[in-house]
Amino acid sequence: MSAPTPANPDVPTDNLAAAFQIEGWPVRGRLVRLGDAIDTVLAAHAYPEPVAALLGECCALAALIGSSLKFEGRLLVQAQGDGPVRYVVADYGTDGTLRGYCRFDPAEVAAASQGFARPGAQSLLGQGVFIMTLDRGPDFERTQGVTPIEGESLSLCAEHYFAQSEQVPTQVRLAVGEVLDGERRQWRAGGAMIQVIAADDARGSTEEVWERSRALFQTLGDDELIDPTISPATLLHRLFHEDGVRLEDARPLRAECRCSAERVEGMLASFPAEERADMAEDDGKIRVTCEYCGKVYEMDPVTAAD
């Protein structure tokens with residue numbers, strides 16, 4: 001008998017998040033592929049390669065988890081510590097928008113990058129915490145989960161988070177790298193996640209199936225996750241072709257910052273006139289730079305209060 005063909009071959013290769021289901025298995029999964037969306041986020045700043053890779057992982061992880069939310073809102077995935085990278089955050093909106101940024105010490109990052117291997121999350125962040133925040137809008141309180149930074153990748157941090165905070169066995173793979181696109185190099189990112197569905201009387205034990213799922217999942221290569229020539233359907237078919245797998249609920253992703261002149265004006269208006277005057281530069285203008293996209297807003301100290 002021939003193996004099942006990949007399902008949904010028309011799903012786009014890039015900038016999407018999708019669920020996937022292995023036929024008859026009590027395992028749910030998600031897949032994220034990011035092309036120019038992640039390149040836009042990372043190209044907004046002159047990040048050193050290890051910092052850009054860390055932020056790329058964070059963005060892929062936020063889209064991977066956030067795309068499963070059943071409400072309108074935002075998911076913030078962040079990690080902060082005492083290492084060369086003080087702070088990394090990715091902001092995913094359920095409308096498919098994605099943005100992120102890092103704060104880091106360039107000299108410390110350079111020192112941590114002297115080895116042959118790219119430094120991972122713990123080397124860059126040091127001792128600190130991994131945080132996921134759900135924001136359902138102004139009518140709801142934010143909910144937040146916090147766990148210690150564990151392991152040399154954000155994927156391990158996420159696995160530890162799900163095990164500790166939600167008691168859900170989870171496997172996560174994240175990959176970030178550059179590929180040649182014509183005459184320029186472009187950042188790409190990808191992520192995949194599987195979780196076991198809890199056993200019940202009808203389903204029985206799921207332990208054996210989970211171990212088999214994990215073994216197959218571990219064969220997934222970083223190069224496969226970011227290769228633009230491998231479609232999502234083909235990627236999953238390679239992993240689970242013997243049992244059949246289908247993509248579901250594919251959602252487009254795009255890089256989009258939520259900053260605006262109106263928001264900046266509102267922020268400045270909250271300061272007394274004396275403080276706004278102190279913020280002005282030599283030409284009398286206040287300049288505010290968005291940490292996410294790098295856009296600079298130029299404001300007059302007086303009109304900003306109108």
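Attention here is on the structure that accompanies the text. (Residues numbered from 1 in each chain as written. Predicted model: local features only at pLDDT ≥ 70, side-chain atom pairs only at ≥ 80, totals over all residues. Heavy atoms only, no water.)

## Things to note about the packing of helix 1 (residues 36-43) against helix 2 (residues 49-66)
Reasoning step 1: Contact pair helix 1 / helix 2: the axes reach a minimum separation of 10 Å and the direction vectors enclose 135 degrees. Taken together, the axis directions place helix 1 and helix 2 in an arrangement best described as oblique. Where helix 1 crosses over helix 2, the handedness of that crossing is right-handed. Between helix 1 and helix 2, the contacting residues are Ile 38, Val 41 and Leu 42 on the first element and Ala 52, Leu 55, Gly 56 and Cys 59 on the second.
Reasoning step 2: For the contact of helix 1 with helix 2, a count of residues per class yields 6 nonpolar, 1 polar and no charged. (Axes fitted to C-alpha atoms, helices over the stretch in contact; angles between N-to-C directions. Helix = DSSP H or I, 4+ residues; strand = E, 2+ residues; numbered from the N terminus. Parallel < 35°, antiparallel > 145°, perpendicular 65-115°, else oblique. Left-handed = near helix turned anticlockwise from the far one by under 90°. Contact = heavy atoms within 4.5 Å. Nonpolar A, V, L, I, M, F, W, Y, C, P; charged D, E, K, R; others polar.)

## As for the state of the cysteines
Reasoning step 1: Per the counting criterion, the structure on display carries 0 disulfides.
Reasoning step 2: Free of any disulfide, Cys 58 has its nearest neighbouring cysteine sulfur in Cys 59, separated by 6.2 Å.
Reasoning step 3: Cys 259 forms no disulfide, and the closest cysteine sulfur to it belongs to Cys 293, at a distance of 3.6 Å.
Reasoning step 4: Residue classification places Cys 259 among the partly exposed residues on the basis of a relative accessible area of 22%. (Disulfide = S-S within 2.5 Å. Buried < 20%, exposed > 50% of the residue type's maximum accessible area, 1.4 Å probe, protein only.)

## Quick notes on the pattern of salt bridges
Reasoning step 1: Scanning the model with the defined rule gives 22 salt bridges in all.
Reasoning step 2: Arg 74 serves as the salt-bridge partner of Asp 91, at 2.9 Å between the closest nitrogen and oxygen. Of this pair, Asp 91 sits in strand 4 (residues 85-93) while Arg 74 is found in strand 3 (residues 74-81), placing the two residues 17 residues apart along the sequence.
Reasoning step 3: With a relative accessible area of 17%, Arg 74 lands in the buried category.
Reasoning step 4: Where Arg 238 meets Glu 224, a salt bridge forms, and the shortest distance between an N and an O atom there is 3.1 Å. One end of the pair, Arg 238, is in helix 8 (residues 232-240); the other, Glu 224, is in helix 7 (residues 222-226), with 14 residues separating them in the sequence.
Reasoning step 5: Residue Glu 224 is classed as buried on the basis of its relative accessible area of 15%.
Reasoning step 6: Taken together, the shared-partner salt bridges in this structure form one network comprising Arg 74, Asp 91, Arg 99, Asp 135, Arg 142 and Arg 258. (Salt bridge = Lys/Arg side-chain N within 4 Å of Asp/Glu carboxyl O.)

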